[in-house]
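Architecture at a glance
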Amino acid sequence: MKCVRCKGKGIIYLKRHNAAFCQDCFLYYYNNQVKKNIKRHKMFDKKDKILVVISGGKDSMALWHILASEGYNVTGMYINLGIGQYSDKSQQVVESFAQKNGLELIVKDIKKEYGLDIYKLSKLLKRSTCSICGSIKRYLFNKVAYDGGFSAVATGHNLDDEAATLLGNVLSWEEGYLARQSPVLESTHPKLVKKVKPLYTLTERENLFYVLINKIEFLHDECPHAIGARSILYKEVLNRLEEESPGTKQRFITSFLEKGRRHFQDVQEKLELKECSICGQVTTTEVCSFCRFVRLSNQNTEN
Ligand code: SF4
Ligand code: ZN
């Protein structure tokens, strides 16, 4: 197996590109992909302040590392969601990486700062822990980005995540979600910060190689609530297709972005955006879900 670029010894074979790379040329390829994605979708430039969503897993750690190495003005943000050992371990990994590399990091702890417990809320509201957790994360990342004057919130979503989400949305023709599935989600309100996904053309495996080559510490465990999630089944199905026909995932995403997405533009949810009467953040109801969670948690401790 020879590296396609330098003809040296290849160490990673990327079936969908029918190309093998040596370590240095793989890093060149990886960097190039990220740079191209940022430029092609006008995600941000070196003058922008970027808030990077960090979970401690390989994808977000790879994103943080590459953006910092390329000289972007990045600040990591980690939320401790109170998910037992998983949260404790991931916080340690993230804090130690920031310290060793002299990177800015914002840490939020939903239990300590807001009295929120995703398990109690899930029981009280009869909603899944992931749906409660997702609302809290979306709220806090946007709020911190808006309050801190950040130009964009960057997440480590990779090609496998994006293809699985697209498959899920196509299977139930979720028109609103299909309209919004994109590597860049522009702001639709002055208090909503743009969301970007610079790694959307790179696979989980490529991110793993990137962190291993750069000796970046990351949390190997998945969140315990991810086990059994529908998205994992979609990933397995797509992996099977990819085996038979390399490049399926990338074609699925790129052709959707080029040809499919525009058909959903006029079904962009026509929800009226308001400002929450308590915190002022953007919502579609009088009081946003985050403030309702806080109120409910506090009522519940008083009772
Ligand atoms: Fe939150 Fe669910 Fe993701 Fe775990 S898997 S971090 S509970 S959204
Ligand atoms: Zn609110």
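So, how was this worked out
- Residues numbered from 1 in each chain as written.
- Chains lettered and ligands numbered in written order.
- Predicted model: local features only at pLDDT ≥ 70, side-chain atom pairs only at ≥ 80, totals over all residues.
- Heavy atoms only, no water.
- Phe/Tyr/Trp six-rings, centres within 6.5 Å; stacked < 30°, edge-to-face > 60°.
- Helix = DSSP H or I, 4+ residues; strand = E, 2+ residues; numbered from the N terminus.
- Buried < 20%, exposed > 50% of the residue type's maximum accessible area, 1.4 Å probe, protein only.
- Lys NZ or Arg CZ within 6 Å of the ring centre and 35° of its normal.
- UniProt positions renumbered as here; feature names shortened; annotations may be inferred.
- Contact = heavy atoms within 4.5 Å.
- Patch = residues over 30% accessible without salt bridge, like charges linked within 9 Å, V, L, I, M, F, W, Y side chains within 5 Å.
- Areas by Shrake-Rupley, 256 points an atom, 1.4 Å probe, with all protein chains shown as cover.
- Salt bridge = Lys/Arg side-chain N within 4 Å of Asp/Glu carboxyl O.
- Lys, Arg positive; Asp, Glu negative; His and termini not counted.
- Charge placed at Lys NZ, Arg CZ, Asp CG, Glu CD.
- Near = heavy atom within 4 Å.
- Nonpolar A, V, L, I, M, F, W, Y, C, P; charged D, E, K, R; others polar.

Following the criterion strictly, the structure yields ten aromatic pairs and no others. Each ring, one from Phe-26 and one from Tyr-29, has its centre 6.0 Å from the other, and the planes form 40°; the classification is tilted. Linking Phe-26 with Tyr-29, this pair stays in helix H1 (residues 23–40), spanning three residues, or about one helical turn. Measuring from centroid to centroid gives 5.1 Å for Phe-44 and Tyr-72, while their planes differ by 85°, and the two rings are edge-to-face. In this pair, Phe-44 sits in the loop between H1 and strand S3 (49–53) while Tyr-72 sits in the loop between helix H2 (58–69) and strand S4 (73–80), placing the two residues 28 residues apart along the sequence. Across the pair, exposure class does not vary: Phe-44 and Tyr-72 are buried alike. Above the plane of the ring of Phe-150 lies Lys-49, whose end atom (NZ or CZ) is 4.5 Å from the centre.

Mapped onto this numbering, the UniProt entry gives "domain: Rhodanese" (unreviewed entry) at residues 33–95. Secondary structure across residues 33–95 comprises 51% helix and 21% strand; the distance between its end C-alpha atoms is 27 Å.

Relative to the assigned elements, Gln-250 resides in helix H11 (residues 248–260). Apart from residues lying up to four places away in sequence, Gln-250 is in contact with Arg-16, His-17, Leu-159 and Thr-201.

The next point concerns a positive patch on the surface. On the surface, Arg-127, Lys-137, Arg-138, Arg-292 and Arg-295 cluster together to form a positively charged patch. Of all the secondary structure elements, the ones that give two or more residues to the positive patch are helix H6 (129–147) and helix H12 (289–302). Looking at the element boundaries, Arg-295 is found in helix H12.

This part is about the site of ligand 1. In the vicinity of ligand 1, the contacting residues are Ile-83, Cys-130, Cys-133, Lys-137, Cys-223, His-225 and Ala-226. Counted by class, the shell around ligand 1 contains five nonpolar, one polar and one charged residues.

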